[in-house]
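Chain by chain, the residues:
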Amino acid sequence: QVCVALKKFQYYGYNAYLSDRLSLDRTLPDLRPDGCRNISYPTNLPQVSVVFIFVNEALSVILRSIHSAIQRTPTHLLKEIVLVDDNSNNEELKEKLQDYVKEMNGQRPGFIKVIRHGQQEGLIRSRVSGWRAATAPVVALFDAHVEFNVGWAEPILLRIKEDRTRIISPSFDNIKYDTFEIEEYPLSAQGFDWELWCRYLNPPKSWWNLRNNTAPIRSPALIGCFIVDRQYFEEIGLLDEGMEIYGGENVELGVRVWQCGGSVEVLPCSRIAHIERAHKPYTEDLTAHVRRNALRVAEVWMDEFKSHVYMAWNIPQEDPGIDIGDISERKALRKKLQCKTFRWYLVNIYSEMRMYTDTIAYGVLKNSLKTDLCLDQGPDTDNVPILYICHGMTPQNVYYTSTQQFHVGVLSPTIDDDDNKCLVDVNSRPRLIECSYAKAKRMKLYWLFTQGGSIQNRKSKRCLELIETSDNEFGFQLSLQKCSGQRWTITNILTGSTL
């Protein structure tokens, strides 16, 4: 049995063995904020089609998603359920699921529709085919590993009824992938970093100031599942079907909706529990898909800020060597909808996002003495930069600014995240210190640097150089010393900048 359970876990990314033994109709703890239970809703809300998308999902997890949608959505509001099977090769999803659907449709003809793809289309195109099959005025697009909490639908349907240009996300709680227990998540908005990976955010100050934790939370983007007016979704351009598999499409949708006159919000009174899988089914090369998709978003929607996406991924803006496909249709859509600029979006909607308009060069930093070694932030806790074999991953990202600072490591996405680390001369030793702190304390954080030239501290006049050592496997270490003419190069110089 342990062997069966482990096999299932490795296959699904969650404890399917346990799921098969849990009731399909289990109750969830009501995690809505207190005020939600006292709100009454009109009876004439629009109906919703609930779409579930899956590939090789455990049957019990899909059935529990369907059961909870049926149980926790008022009958007169739930028009239908649409199942989109993105070419699963798992046998029990063919016959057993078909039998279940047949039995359900015997009680309510046509209530569950099944769309089966002949080849794997990926999550993005699967969502669009689910939308195409839906007939209710509002469409809810979900993964097939969720459980709905009580009263999830009414607050969403009311907000969309009041304004059809709102795209809504519920508030998510976590279904632990190993125990299937429900873990309460704090109320959050949804945003992204400069690589365009989606993430939870602290709700904006304007929301906290209301002191009403049932109020809608304005959100810069979407993290995944969302609910939308069926016709508005088409008018605004659905999802970018030129994207591959998944990753980035929810960021693209959020940015597009805001720039083109709609809005995105998260509703605290609508709670849905979702399994965060230990591994996902589409992950053959997830990072490559997300990167390609992110560059599509950057080129269509981000104007002069597209450089930030290239910088975060550490790839050159001119000739990146990545085929992002044809974006002319998406650019035409932006023109047709007369959308605002990305700068407007950053200033008005996602003001927590840090801007890096003063960056003039980025990439890895190499010394001509030993070109297979790169400057590296070293162990996180040390604050001591090191030399390491070049791999070009985040710890080796270096950004040089027009204010003559070197930022090393990840590009801090928002003002709520840890600040960037700056290269500083501390008592003649190279150190990495939070830029804002180093600046406030007037530390030596300014460096003169020209491409193929030296890196010299403006104040101490010492140069960052390599010295021979037997202390490590590479034979060299970083040092600050009297300049001896060592030469450094950084991979990419931004268009229009000179070094």
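Structure's up top.
Because the structure is a prediction, the values reported are computed rather than measured.

Caption draft 1: Representation of helix 12 (residues 328–336) within the structure. Every buried residue of helix 12 is accounted for by Arg 330, Leu 333 and Arg 334. The buried residues of helix 12 all sit within an arc of 100 degrees when viewed along its axis, so they share a single face. Exposed side of helix 12, more than 90 degrees from the buried face: Glu 329, Lys 335 and Lys 336 are the residues found there.

Caption draft 2: Representation of the layout of surface pockets. Of the pockets and cavities examined, the largest pocket occupies roughly 670 Å³. Taken together, 31 residues line the largest pocket, and the ones lying closest to its centre are Asp 143, Ile 223, Tyr 246, His 274 and Lys 280. Breaking the lining of the largest pocket down by element, the ones donating at least two residues are strand 1 (48–54), helix 5 (122–133), strand 9 (198–201), helix 9 (249–259), strand 12 (263–275) and helix 10 (286–301). Among the elements that make up the lining of the largest pocket, the one with the highest residue count is strand 9 (three residues). Within the lining of the largest pocket, the residues separate by chemical class into 17 nonpolar, six polar and eight charged.

Caption draft 3: Geometry of the packing of aromatic side chains. In this structure the tally under the stated criterion is 22 aromatic pairs. With 5.6 Å between their ring centres and 10 degrees between their planes, Tyr 12 and Tyr 14 make a pair best called stacked. For Tyr 14, a relative accessible area of 0% puts it in the buried group. Between the aromatic rings of Phe 192 and Tyr 350, the centroid separation amounts to 5.1 Å while the plane-to-plane angle is 70 degrees, which identifies the pairing as edge-to-face. You can see Phe 192 sitting in strand 8 (residues 189–192) and its partner Tyr 350 sitting in the loop between helix 13 (342–348) and strand 13 (359–367), a full 158 residues away along the chain. Here the aromatic residues Phe 192, Trp 194, Phe 305, Phe 342, Tyr 345 and Tyr 350 are joined through ring pairs into a cluster of three or more. A cation sits over an aromatic face here: Arg 21 above Tyr 17, 3.7 Å from the ring centre.

Caption draft 4: Fine view of a negative patch on the surface. Taken together, Glu 91, Glu 95, Asp 99 and Glu 103 make up a surface patch of like negative charges. In this fold, Glu 91 is placed in the loop between strand 2 (78–85) and helix 4 (95–107). You can call Glu 91 exposed: its relative accessible area is 56%.

Caption draft 5: How the structure looks around unusual backbone geometry. Non-glycine residue Leu 238 carries a positive phi angle of around 45 degrees. Position of Leu 238 among the secondary structure elements: in the loop between helix 8 (230–235) and helix 9. Taking the relative accessible area as the measure of exposure, Leu 238 reaches 9% and is therefore buried. Of note, Arg 442 is a non-glycine position whose phi angle comes to about 55 degrees, a positive value. Inspection of the secondary structure assignment puts Arg 442 in the loop between helix 14 (435–440) and strand 20 (447–449). Looking at Arg 442, the relative accessible area reads 70%, which means it is exposed.

Caption draft 6: View of the side chain of Glu 465. Within the element layout of this structure, Glu 465 appears in strand 22 (residues 463–468). For the buried Glu 465, which has no salt bridge, the nearest side chain bearing the opposite charge is Arg 487, at an N-O separation of 10 Å.

Caption draft 7: View of the nonpolar core. If you look at the biggest cluster of nonpolar residues, it comprises 72 residues, and the most contacted ones within it are Phe 192, Trp 194, Phe 226, Phe 233, Val 309 and Tyr 345. If you tally residues by element for this core, the top one is helix 10, at eight residues. When sequence neighbours within four positions are dropped, the list of residues in contact with Val 309 reads Trp 194, Leu 196, Ala 294, Leu 295, Ala 298 and Met 302. Formed by 39 residues, the second largest nonpolar core is a distinct cluster that contains Val 48, Leu 59, Val 101 and Ile 160.

Caption draft 8: Structural context of the side chain of Glu 57. Mapped onto the secondary structure, Glu 57 falls in the loop between strand 1 and helix 3 (59–72). A polar side-chain atom of Glu 57 sits 3.1 Å from a polar atom in the side chain of His 145. Leaving out residues up to four positions away in the same chain, Glu 57 has contacts with Tyr 12, Tyr 14, Ile 62, Asn 90, Leu 93, Ala 144, His 145 and Arg 277.

Caption draft 9: Representation of the pairing of strand 12 within the structure. For strand 12, a buried count of 13 out of 13 residues is recorded, marking the element as mostly surrounded by other parts of the structure. Inspection of the sheet shows strand 5 (residues 146–148) paired to strand 12 by three bridges, in the antiparallel sense. In the sheet register, Val 146 faces strand 12, and the bridge partner there is His 274. The pairing of strand 6 (residues 166–175) with strand 12 spans ten bridges and is parallel. By the bridge assignment, Ile 168 is partnered in strand 12 with Glu 265. Where strand 10 (residues 217–218) lies against strand 12, two bridges are found, and the strand directions are antiparallel. The partner of Arg 218 across the bridge, within strand 12, is Glu 265.

Calculation notes
Residues numbered from 1 in each chain as written. Predicted model: local features only at pLDDT ≥ 70, side-chain atom pairs only at ≥ 80, totals over all residues. Heavy atoms only, no water. Buried < 20%, exposed > 50% of the residue type's maximum accessible area, 1.4 Å probe, protein only. Helix = DSSP H or I, 4+ residues; strand = E, 2+ residues; numbered from the N terminus. Arc of directions from axis to C-beta. 1 Å grid on protein atoms, 1.4 Å probe; cavity = no way out; pocket = protein on both sides within 12 Å on 5 of 7 lines; lining within 4 Å. Points joined across faces, edges and corners; volume = space filled by probe spheres on them. Nonpolar A, V, L, I, M, F, W, Y, C, P; charged D, E, K, R; others polar. Phe/Tyr/Trp six-rings, centres within 6.5 Å; stacked < 30°, edge-to-face > 60°. Lys NZ or Arg CZ within 6 Å of the ring centre and 35° of its normal. Patch = residues over 30% accessible without salt bridge, like charges linked within 9 Å, V, L, I, M, F, W, Y side chains within 5 Å. Areas by Shrake-Rupley, 256 points an atom, 1.4 Å probe, with all protein chains shown as cover. Salt bridge = Lys/Arg side-chain N within 4 Å of Asp/Glu carboxyl O. Lys, Arg positive; Asp, Glu negative; His and termini not counted. Charge placed at Lys NZ, Arg CZ, Asp CG, Glu CD. Core = buried A, V, L, I, M, F, W, Y, C linked by side-chain atoms within 4.5 Å. Contact = heavy atoms within 4.5 Å. Polar contact = N/O pair within 3.5 Å; in protein donor to acceptor, adjacent residues only side chain to side chain. Pairing = 2+ DSSP bridges.

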